[in-house]
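Structural features, examined
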Amino acid sequence: MSELVALVTAAAQQPDDDAPRLVLQDALLERRDPRGEFIALQFKALRLEDTADDRVRLAQLEKAHRTRWLGRLAPFVDEASVRFDRGFLARVALKPQAFSSEGRARWRDEPTLPLLRELRVPAGVPATALAEALREPALAQLAVVTCEDRRLLEALARTAAPWTFRGVGVVGTVRQVMELLDRVLPAPAFTQLDGLVLELERFGRSAALELSKRLARSPFRPRCARLDVRVDVDGEVLGYASSVVAAAWPGATLTLESQSLTLRARRTEGNRLDVDLVGSHAPEPMMKAIGAMFGALGVLRVHQRGRSEPATLELDWLRSHLRRLRAARVSLPAAWGMPDDD
């Protein structure tokens, strides 16, 4: 057990490096611990090499072992919010009672907690209780804190000592979140911040355009290298948003995430947009996203989960949009039957 704790600690110190996780995976597989298989399958999914059987097995493992893998956090998590990444809890919302002194005493020694990357804080948590929780040593490696109640973020901004986390998340409309961020991010408490997570409500084309305009003149833009936008929209809105928002944030990595698609975009020095699009089991949502993009593309990589094939008319439609976008290099799913760079 002490060896495993040491391996978890090493992985937490290098959260973006896969090597410590792979060492941990091998150690768990040697002990025939099911989490070793779970880590291996999640890495396979990240490489987009997972099969339908792999996805079924992942679901079975998580269902069977989720409570044990959550450990001392289990009584305090919002079940719908739980997200595992590379084998360990990566994103979660905690219930309000988790932030009380009694609650913290129960979960602060959970050995896998240093691997948690994103914490979502519900409304109803007192600002002092949140501040005390975020000072727990187990959360020293936390990357993002998202506050459902925007007043909590304002309270964190008034803290004298800088926070160790590198990103904040805000929930609301474009106008609400941008007005708040313009007010609080210059605070000394947030000097280490270099990333944002925006969970946006009522998001469409007009909201995407408003977001791009506000970002372009925002005082915190130069120091933020990462922007994650999470929305409940279709592929068409996601594709349009990738073009307008990335144009307002050159050099930063933009991630747009909906229920069925994840789109990562970066505006290059040549004013081209490099795009990675990871999507659903059907090609239609991804094709809609491509069709809504505009401007010149550099690299377009499309990854489809599943082997559904588009119709001939859909492929003709896609070819016309690829010509319009003048992509320098294109990589498409094999199931689509189109050669790369066609």
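As a reminder, the structure under discussion sits directly above these lines.
Here the residue numbers are simple positions, counted from 1 along each chain's written sequence. In keeping with the predicted nature of the model, local features appear solely for residues at pLDDT of at least 70, side-chain atom pairs appear and are counted solely at 80 or more, and the whole-chain, interface and lining totals rest on all residues. Each side-chain value is worked out from all heavy atoms of the structure, with water and hydrogens disregarded.

The next subject is the overall build of the protein. Each helix and strand in the protein was counted, giving 12 helices and 12 strands. As defined in this context, the radius of gyration uses C-alpha atoms, and a globule is described by 2.2 Å times the residue total to the power 0.38. Relative to the globule expectation of 20 Å for 342 residues, the C-alpha radius of gyration of the protein, 21 Å, shows essentially globular dimensions. Pairs of residues are marked as contacts when any of their non-hydrogen atoms sit within 4.5 Å. Sequence separation of at least 24 residues holds for 65% of the intrachain contacts in the protein that already meet a minimum separation of 6. Residue exposure ignores everything except the shown protein chains as possible cover, and the areas themselves are Shrake-Rupley values with a 1.4 Å probe. Here the protein has roughly 15900 Å² of accessible surface; of this, 50% comes from carbon and sulfur atoms. Charged residues are defined here as Lys and Arg on the positive side and Asp and Glu on the negative side; His and the ends of the chain fall outside this count. A charged residue contributes its charge at one atom only: NZ of Lys, CZ of Arg, CG of Asp or CD of Glu. Of note, the protein has its 50 positive side-chain charges centred 4 Å away from the centre of its 46 negative side-chain charges. By the criteria applied, helices consist of DSSP H or I runs no shorter than four residues and strands consist of E runs no shorter than two, each listed in order from the N terminus.

This part takes up empty space enclosed by the protein. To find leftover empty space, a probe the size of one water molecule is rolled over the atoms. Definitions used throughout: a 1 Å grid over protein atoms alone; a cavity as a set of points that fits a 1.4 Å probe which cannot get out; a pocket as an open set with protein on both sides within 12 Å along at least five of seven lines; a lining residue as one with an atom within 4 Å of a point. Grid points are joined across faces, edges and corners, and a volume is the space filled by probe spheres set on the points. Tallying each qualifying case throughout the model produces 1 cavity of 30 Å³ or more. As for the largest cavity, its lining consists of Trp69, Leu70, Leu73, Leu89, Glu110, Thr112 and Leu113. Partitioned by chemical class, the residues of the lining of the largest cavity number 5 nonpolar, 1 polar and 1 charged. Residues were grouped as follows: Ala, Val, Leu, Ile, Met, Phe, Trp, Tyr, Cys and Pro as nonpolar; Asp, Glu, Lys and Arg as charged; and all remaining residues, including Gly, as polar.

Aromatic rings from Phe, Tyr and Trp, taking only the six-membered ring of Trp, are treated as a pair when their centres fall within 6.5 Å; an angle between ring planes under 30 degrees marks them as stacked, one over 60 as edge-to-face, and anything in between as tilted. A complete count under the given rule lists 6 aromatic pairs for this structure. With 5.6 Å between their ring centres and 90 degrees between their planes, Phe38 and Phe84 make a pair best called edge-to-face. Pair noted here: Phe38 is in helix α3 (residues 34-46) and Phe84 is in strand β1 (residues 83-85), with a separation of 46 residues, a long-range link. Pair check on accessibility: Phe38 and Phe84 agree, each one buried. With 5.7 Å between their ring centres and 20 degrees between their planes, Trp163 and Phe165 make a pair best called stacked. With a relative accessible area of 1%, Trp163 lands in the buried category. Burial classification: accessible surface area is computed with a 1.4 Å probe over protein chains only, and a residue below 20% of its type maximum counts as buried, one above 50% as exposed, and the rest as partly exposed.

Moving on to the pairing of strand β5 (residues 167-172). Looking down a regular strand, the side chains alternate between one sheet face and the other. Along β5, 6 of the 6 residues are buried, which leaves the element largely enclosed by surrounding structure. Side chains Gly167, Gly169 and Val171 project from β5 onto one buried face, and the interleaved Val168, Val170 and Gly172 project onto a second face that is buried too. The criterion for strand pairing is that DSSP finds at least two bridges linking the strands in question. Sheet topology note: the strand β4 (residues 144-147)/β5 ladder contains 4 bridges and is parallel. Its bridge partner being in β5, Thr146 is matched across the sheet by Gly169. Since β4 and β5 lie parallel, the crossover through helix α7 (residues 150-157) that links them has a hand, and here it is right-handed. When the strands point away from the viewer, a crossover counts as right-handed if the route from the first strand across the helix to the second turns clockwise. Regarding the hand of the β-α-β motif, the stretch spanning β5, helix α8 (residues 174-184) and strand β6 (residues 195-200) is right-handed.

This paragraph deals with helix α2 (residues 18-30). How far a helix is expected to stretch is found by multiplying one less than its residue total by 1.5 Å. In this model α2 runs 19 Å from its N-terminal to its C-terminal C-alpha over 13 residues, within 8% of the 18 Å that 1.5 Å per residue would give. The inward-facing, buried residues of α2 contact α1 (2-13), α3, β1 and β2 (88-93). Two N or O atoms count as a polar contact when they lie within 3.5 Å, although within protein this holds only if one can serve as hydrogen donor and the other as acceptor, and sequence-adjacent residues are included solely when both atoms are side-chain atoms. Between the side-chain oxygen of the N-cap and the backbone nitrogen of Ala19 there are 3.0 Å, and the N-cap of α2 in question is Asp17. Directly beyond the C-terminal end of α2, a positive phi value near 55 degrees is found at Arg32.

Turning our attention to the nonpolar core. By size, the foremost hydrophobic cluster in this structure holds 100 residues, and its most contacted members are Phe99, Leu181, Phe190, Leu196, Phe203 and Leu211. The greatest single-element share of this core, amounting to 8 residues, is contributed by helix α10 (residues 235-248). Once residues lying within four places of it in the same chain are set aside, the contact partners of Leu196 are Val168, Leu181, Leu185, Phe220, Cys224, Arg226, Leu227, Asp228 and Trp249. Grouping buried Ala, Val, Leu, Ile, Met, Phe, Trp, Tyr and Cys residues that are joined through side-chain atoms within 4.5 Å yields what is termed a nonpolar core. In terms of nonpolar packing, the next biggest core, distinct from the first, is built from 12 residues, Val8, Ala11, Leu28 and Leu115 among them.

Turning to the pattern of salt bridges, a few remarks are in order. In what follows, salt bridge is the name for a side-chain nitrogen of Lys or Arg lying within 4 Å of a carboxyl oxygen of Asp or Glu. Using the criterion set out here, one finds 29 salt bridges in the structure. Ionic pairing is found between Glu199 and Arg120, a salt bridge with its closest N-O pair at 2.3 Å. Of this pair, Glu199 sits in strand β6 while Arg120 is found in strand β3 (residues 118-121), placing the two residues 79 residues apart along the sequence. Put simply, Glu284 and Lys288 hold a salt bridge, and the shortest N to O gap is 3.6 Å. Pair noted here: Glu284 and Lys288 are both in helix α11 (residues 284-292), with a separation of 4 residues, about one helical turn. On the accessibility criterion, Lys288 (37% relative accessible area) is partly exposed. Bridged by salt links that share partners, the residues Arg91, Glu118, Asp228, Arg230 and Glu257 form one connected network.

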